[in-house]
Amino acid sequence: MKNLVIAGVLVMMVAACDNANNDVEAAKKAAIDSMNNVAALEAKQRTIDSMNQVAQRRQSSAQGSNQSSNQTAATETERKKMSNKTKGALIGTGAGIITGAAAGALLNKNDPAKGAVIGGVVGGAVGSGVGYGAGNTIDNKKKTTTTTTTNP
């Protein structure tokens, strides 16, 4: 998550160095590029995970233990899903960066590039927090609705 925020900030800083006339467009493009970077990082992580699974299979077959093979097969069938907290934080960060950068560029008439960078950073941080909280609320609702008690 830190890497995504840092990548977004760096992209926004590079975009802020462009011409003052293209600040809003550059900020939008930088935000879109940072979202594309997130997708690329997720694809790389999936590749790494699959390589780790192959290595685990090889290791378990070398040991010849049926028990470890069964455990590996069970973990391979279960796919890791992104939690609602993480989804909310990522969506909130992206929306916050875009909104903050556009608002910052519009509000700071003396130096729109500086306003876009500051607005993007602040918007990303706020959006991340709000999205995390929203995802947490969804997780808590799922936990309370699925928990049932029976009286003997």
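This is a predicted model, so every value here is computed, not measured.

### Concerning the overall build of the protein
Within the protein one finds 5 helices and 0 strands. Starting at the N terminus and walking to the C terminus, you meet the elements of the protein as α-α-α-α-α. Taken across its 152 residues, the protein has 26% of its residues classed as buried. Contacts spanning at least 24 positions in sequence make up 62% of the contacts within the protein whose residues lie at least 6 apart. Accessible surface computed for the protein: about 10600 Å², of which carbon and sulfur atoms make up 59%.

### Considerations on the environment of V122
By secondary structure assignment, the location of V122 is in helix 5 (residues 112-146). Judged by its relative accessible area of 47%, V122 is partly exposed. Separated by 25 residues in sequence, V122 and I97 place their C-alpha atoms 7.6 Å apart.

### Here's the deal with a nonpolar patch on the surface
A contiguous nonpolar patch, built from I118, V122, V126 and V130 and spanning about 360 Å² of accessible area, is present on the exposed surface. Assessed through its relative accessible area of 57%, V130 is described here as exposed.

### Description of the confidence of the model for the protein
Put simply, the protein has an average pLDDT of 75, and 68% of its residues get 70 or more. Of all helices and strands in the protein, the one with the weakest mean pLDDT is helix 3 (residues 66-77) (55), whereas helix 4 (residues 84-107) scores best (85).

Each value, and the rule that gives it
Residues numbered from 1 in each chain as written. Predicted model: local features only at pLDDT ≥ 70, side-chain atom pairs only at ≥ 80, totals over all residues. Heavy atoms only, no water. Helix = DSSP H or I, 4+ residues; strand = E, 2+ residues; numbered from the N terminus. Buried < 20%, exposed > 50% of the residue type's maximum accessible area, 1.4 Å probe, protein only. Contact = heavy atoms within 4.5 Å. Areas by Shrake-Rupley, 256 points an atom, 1.4 Å probe, with all protein chains shown as cover. Patch = residues over 30% accessible without salt bridge, like charges linked within 9 Å, V, L, I, M, F, W, Y side chains within 5 Å. Salt bridge = Lys/Arg side-chain N within 4 Å of Asp/Glu carboxyl O. pLDDT = per-residue confidence, 0-100.

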